[in-house]
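This is what each chain is made of:
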Amino acid sequence: MSFTVTATDGEARAGILRTAHGDVPTPAFMPVGTKATVKTLDPDELRALGGRIVLGNTYHLHFRPGDEVIAELGGLHRFMGWDGPILTDSGGFQVFSLRDTILAVDDEGVTFRSVYDGASAAFTPEIAARIQANLGSDVAMCLDVCPPAASTPEEHERAVRLTTAWAARQLAAPRAPGQLLFGIAQGGTDPELRRRSIEELGALGFDGHALGGLAVGESREEMFDAVASATPLLAADRPRYFMGIGDPEGILGVIERGIDMFDCVLPTRTARTGSALTWEGRLNLRNARFARDPRPLDEDCACPACRRFSRAYVRHLVNQEEILGLRLLTLHNLRFVLELTAGARAAIEQGRLASYVAEALARLGDAARTETP
Ligand SMILES: [Zn+2]
């Protein structure tokens, strides 16, 4: 078995995911390395921050530089110089979020125009399997249909039907040695459709399960309700992955509801817009109030940015568009969410997750109330 639950606290779990490139303590935040790099960082820095598993992007790597090129060069681990675990998405989310580029969705798969050169391309379950086998990731994801939250019930039903049919085909396709395969449940926020999707995938027998099609436009409350009703239906002995959450409140919320893994571009993307995630809330370093601020980004943070540099210095770098500014904010933001997640894991082991979450939300809530625009 590739996953062991080591402690529970309410619905929340602490565990270990075992992969061909090492173990991942869960709950785990997965930094996103879309194009075979977590933007601005090198792999040693990522590891020093506490990153244990990185996400790579099938869509982008398939087109640039090409998954066959990466295979020829020894696979994605060697290509990007990261010898730890890698999870690759299936490319489905990118295709379905670039809706204007979709040409057709049918039983076979999805055809679309590449964002790189506009050429027609197709993803089928077999192609998604082959690309991820070429990349050699430790965890591969099934190709799914991911409709926007505002879709009609008929569209959500069709997404569930195709997602199950595609998952069965991908399960039968060849994989890289030791590669785990996770199925993705759809169904939007409709409890019955979600249940059906989870049951159909559960019957197929995947190494882990993801909740897809959430955090795509529905309210936070609807999203949390959908997670709370879905996790008890997911196999307790397999990892549960929530696709696409990375803000502090969201991370704590899905952990409390029984999620083991999650990813998001938010910490790294926020950094590149010049903002820091802190216990005082989100700080926009472009703001003039930091011009003479000698304090670190966050008083409680031990990241390389906070150990050496002041807010005034980071602000100067950001305003002058110096590359170091984006790097320092990326280091800090990733450290912040990785520490928050590690703290939740420790709290689960000690049976005090509820108070950990309450304290964290109170601090972050105070910050939100006192934050100056
Ligand atoms: Zn820091």
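For the structure, check the block above.
None of the values given here were measured: they were computed from a predicted structure.

Trainee: Residues and numbers for the environment of Gly-75, please.
Mentor: With respect to the helices and strands, the residue Gly-75 is situated in the loop between helix H3 (67-72) and helix H4 (76-80). Classification of Gly-75 by relative accessible area gives buried; the value is 9%. Between the alpha carbons of Gly-75 and Ala-176 there is a distance of 10.0 Å; along the sequence they are 101 residues apart. Discounting residues that sit within four places of it in the chain, Gly-75 has contacts with Ile-70, Asn-134 and Leu-135.

Trainee: Kindly report on the sheet that holds strand S8 (residues 102-105), identifying the contributing residues and their values.
Mentor: The strand order across the open sheet formed by three strands is S8-S9-S10, and the pairing between neighbours is antiparallel. Of all the strands in the sheet, just S8 and strand S10 (120-123) have a single pairing partner and so form its edges. Strand-to-strand, the axes of this sheet are offset by a mean angle of 20°, without reference to chain direction.

Trainee: Outline helix H10 (residues 248-256), listing residues and values.
Mentor: Because an α-helix completes one turn every 3.6 residues, residues spaced three or four positions apart along the sequence face the same direction. Taken across its nine residues, H10 has seven buried, putting it largely inside the fold. Buried within H10 we find Pro-248, Gly-250, Ile-251, Leu-252, Gly-253, Val-254 and Ile-255. Trailing H10 by a residue or two, Gly-258 shows a phi angle of about 95°, which is positive.

Trainee: Got a sec to walk through the coordination of the zinc ion? Specific residues and values, please.
Mentor: Every protein donor of the zinc ion is listed here as Cys-301 (SG), Cys-303 (SG), Cys-306 (SG) and His-332 (ND1), and their distances to the metal cover 2.1 to 2.3 Å. Around the zinc ion sit four donor atoms; with metal-centred angles ranging over 100 to 120°, the donor geometry is tetrahedral. Considered as a linear motif, the donors of the zinc ion on their single chain read C-x1-C-x2-C-x25-H. Taken together, the residues span a long stretch of sequence, with Cys-306 in helix H12 (residues 304-308) and His-332 in helix H14 (residues 323-349) at a distance of 26 residues. Accessibility assignment for this pair places Cys-306 and His-332 in one class, buried.

Trainee: Describe in detail the sheet that holds strand S13 (residues 208-211), supporting the description with residues and values.
Mentor: Ordered by their spatial adjacency, nine strands build an open sheet running S4-S15-S14-S13-S12-S11-S7-S6-S5, and the pairing between neighbours is parallel. In this open sheet, the two strands that pair with only one neighbour each are strand S4 (28-30) and strand S5 (32-33).

Trainee: So what's going on with the packing of helix H6 (residues 125-135) against helix H7 (residues 153-172)? Which residues, and what values?
Mentor: For the pair H6 and H7, interaxial distance at closest approach is 8 Å and the crossing angle is 45°. The angle between H6 and H7 falls in the class oblique. The two elements H6 and H7 cross, and the hand of that crossing is right-handed. Of the residues in H7, those touching H6 at Pro-125, Glu-126, Ala-128, Ala-129 and Gln-132 are Trp-166, Arg-169 and Gln-170. Considering only residue class, the contact of H6 with H7 consists of four nonpolar, two polar and two charged.

Rules of the game
- Residues numbered from 1 in each chain as written.
- Predicted model: local features only at pLDDT ≥ 70, side-chain atom pairs only at ≥ 80, totals over all residues.
- Heavy atoms only, no water.
- Helix = DSSP H or I, 4+ residues; strand = E, 2+ residues; numbered from the N terminus.
- Buried < 20%, exposed > 50% of the residue type's maximum accessible area, 1.4 Å probe, protein only.
- Contact = heavy atoms within 4.5 Å.
- Pairing = 2+ DSSP bridges.
- Axes fitted to C-alpha atoms, helices over the stretch in contact; angles between N-to-C directions.
- Donors = N, O, S within 2.8 Å, 3.2 Å for Na, K, Ca; no water.
- Tetrahedral: all angles 85-135°; square planar, octahedral: opposite > 155°, others 65-115°.
- Parallel < 35°, antiparallel > 145°, perpendicular 65-115°, else oblique.
- Left-handed = near helix turned anticlockwise from the far one by under 90°.
- Nonpolar A, V, L, I, M, F, W, Y, C, P; charged D, E, K, R; others polar.

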